[in-house]
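Structure assessment
Here is how the chains run, residue by residue.
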Amino acid sequence: MASKEKAKFNVNILNNKKIFLYVVLVGLLGFLAFYMLVFQKYEEKTENLRRQNANLRTEVDELKKAYDNLEAYRQTIAMMDGFIVTTLSQYPADVREEDALVIAVDTLNKAYVEYSTINIKEKEEVGTIPAETVQKAGLESFKDEIKIKKRTVSYVNSTDYINLKTIIGTILSYGGKKTIEQISYSKSEGGEQGFITGTIDVTDFVAEGTGKEYQAPDIKEYEAGLYDLFGIVKNPNQQ
């Protein structure tokens, strides 16, 4: 009788252990499901928030740096704006035949020189600043598209070495408005001793769209017939 009760007791204990194991297993499965469905998602969100916070911290640091240097940036922008305005204001709005003749008139007034050919080429575009870019710059002086163009004039002439230096100096005195592209001279064959013949290429740069108006150079002496561009003319101010 006692053995039967003991066996029955052992079966009950075994059943209780199985139940306990089932409960534990169900609990583990529930925890795993909770981890997979809930905790892991929150962990991913937390990691995303950490990354976002790191990015925000970087942006905040950059904004703080920009704020701390705001006045320096404003001064730099103002300096650059002034540089742009000053640079563009140096260039004329257009270049015409009169501008090519003024070099011949000025050099004839200061040196011994005989021009045989003055070849005026067509203007060619160097660069363009679109209106959209100009407007984004926020400069009050400029609103429209700006085109930078150049035109080259070839002066074929005869002179001598001393007067050639005077001619070059006269052209360089115009500053950035006119630049010498090329100088090519050789000794004259069968001509007057000491004379050289060659070509000076001079380029004019213009800025169209800046709002400036064309200003014609003063060539009244040439227009009045006081100069012959294609003859050797002595400086009238020298004896």
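What counts, and at which threshold
Residues numbered from 1 in each chain as written. Predicted model: local features only at pLDDT ≥ 70, side-chain atom pairs only at ≥ 80, totals over all residues. Heavy atoms only, no water. Helix = DSSP H or I, 4+ residues; strand = E, 2+ residues; numbered from the N terminus. Buried < 20%, exposed > 50% of the residue type's maximum accessible area, 1.4 Å probe, protein only. Contact = heavy atoms within 4.5 Å. Areas by Shrake-Rupley, 256 points an atom, 1.4 Å probe, with all protein chains shown as cover. Expected span 1.5 Å × (residues − 1). Phe/Tyr/Trp six-rings, centres within 6.5 Å; stacked < 30°, edge-to-face > 60°. Lys NZ or Arg CZ within 6 Å of the ring centre and 35° of its normal. Salt bridge = Lys/Arg side-chain N within 4 Å of Asp/Glu carboxyl O. Pairing = 2+ DSSP bridges. 1 Å grid on protein atoms, 1.4 Å probe; cavity = no way out; pocket = protein on both sides within 12 Å on 5 of 7 lines; lining within 4 Å. Points joined across faces, edges and corners; volume = space filled by probe spheres on them. Nonpolar A, V, L, I, M, F, W, Y, C, P; charged D, E, K, R; others polar. Polar contact = N/O pair within 3.5 Å; in protein donor to acceptor, adjacent residues only side chain to side chain.

**Looking at the overall build of the protein**
When helices and strands are tallied, the protein shows six helices and five strands. Secondary structure elements in the protein, listed N-terminal to C-terminal, are α-α-α-β-β-α-β-α-β-β-α. Among the 239 residues that make up the protein, the fraction classed as buried is 23%. Of the contacts made within the protein by residues no fewer than 6 positions apart, 76% connect residues no fewer than 24 positions apart. Entry remark: accessible area of the protein is about 17000 Å², with carbon and sulfur atoms responsible for 56%.

**Brief notes about helix α3 (residues 97-110)**
End to end, α3 covers 21 Å across 14 residues, agreeing with the expected 20 Å (1.5 Å per residue, within 8%). For α3, the full list of buried residues reads Asp99, Ala100, Val102, Ile103, Ala104, Val105, Thr107 and Leu108.

**Focus on the packing of aromatic side chains**
Under the criterion given, the structure shown has one aromatic pair. It is Arg96 that lies over the ring of Tyr214; its NZ or CZ is 4.0 Å from the centre. The aromatic ring of Tyr174 is capped on one face by Lys178, whose charged end is 5.8 Å from the ring centroid.

**Quick notes on the side chain of Asn163**
Within the secondary structure, Asn163 sits in helix α5 (residues 161-172). Setting aside residues up to four positions removed in sequence, Asn163 forms contacts with Ala111 and Tyr112.

**A short note on the pattern of salt bridges**
Applying the stated criterion to the full structure yields nine salt bridges. Across the pair Lys123 and Asp94 runs a salt bridge whose closest N-O atoms are separated by 2.7 Å. Here Asp94 lies in the loop between α2 (70-89) and α3 and Lys123 lies in the loop between β1 (114-120) and β2 (124-129), a separation of 29 residues in the sequence. Of the residues examined, Asp94 reaches a relative accessible area of 17% and is grouped as buried. Measuring nitrogen to oxygen at the nearest pair gives 4.0 Å for the salt bridge that ties Glu125 to Lys147. On the criterion of sequence distance, the pair formed by Glu125 in strand β2 and Lys147 in strand β3 (residues 146-160) is long-range, its members being 22 residues apart. Beyond isolated ion pairs, a larger network of salt bridges with shared partners links Asp94, Arg96, Lys123, Lys149 and Glu208.

**Side note on the pairing of β3**
Sheet topology note: the β1/β3 ladder contains six bridges and is antiparallel. Its bridge partner lying in β3, Ile118 is registered against Tyr155. Bridge count between β2 and β3: five bridges; the pairing is antiparallel. Its bridge partner being in β3, Ile129 is matched across the sheet by Ile146.

**Looking at the layout of surface pockets**
Computed from the structure, the largest pocket encloses a volume of approximately 370 Å³. Per-class residue counts for the lining of the largest pocket are 10 nonpolar, three polar and seven charged.

**Comments concerning the environment of Ala104**
Within the secondary structure layout, Ala104 lies in helix α3. Between the alpha carbons of Ala104 and Tyr155 there is a distance of 8.3 Å; along the sequence they are 51 residues apart.

**Here's the deal with the environment of Glu125**
Judged by relative accessible area, which is 45%, Glu125 ranks as partly exposed. Distance in space between the C-alpha atoms of Glu125 and Val206 is 9.6 Å, their sequence separation being 81 residues. Among all residues touching Glu125, those that are not within four sequence positions of it are Lys147, Ile148 and Lys149. At a separation of 2.5 Å, a polar atom in the side chain of Glu125 contacts the side chain of Thr128.

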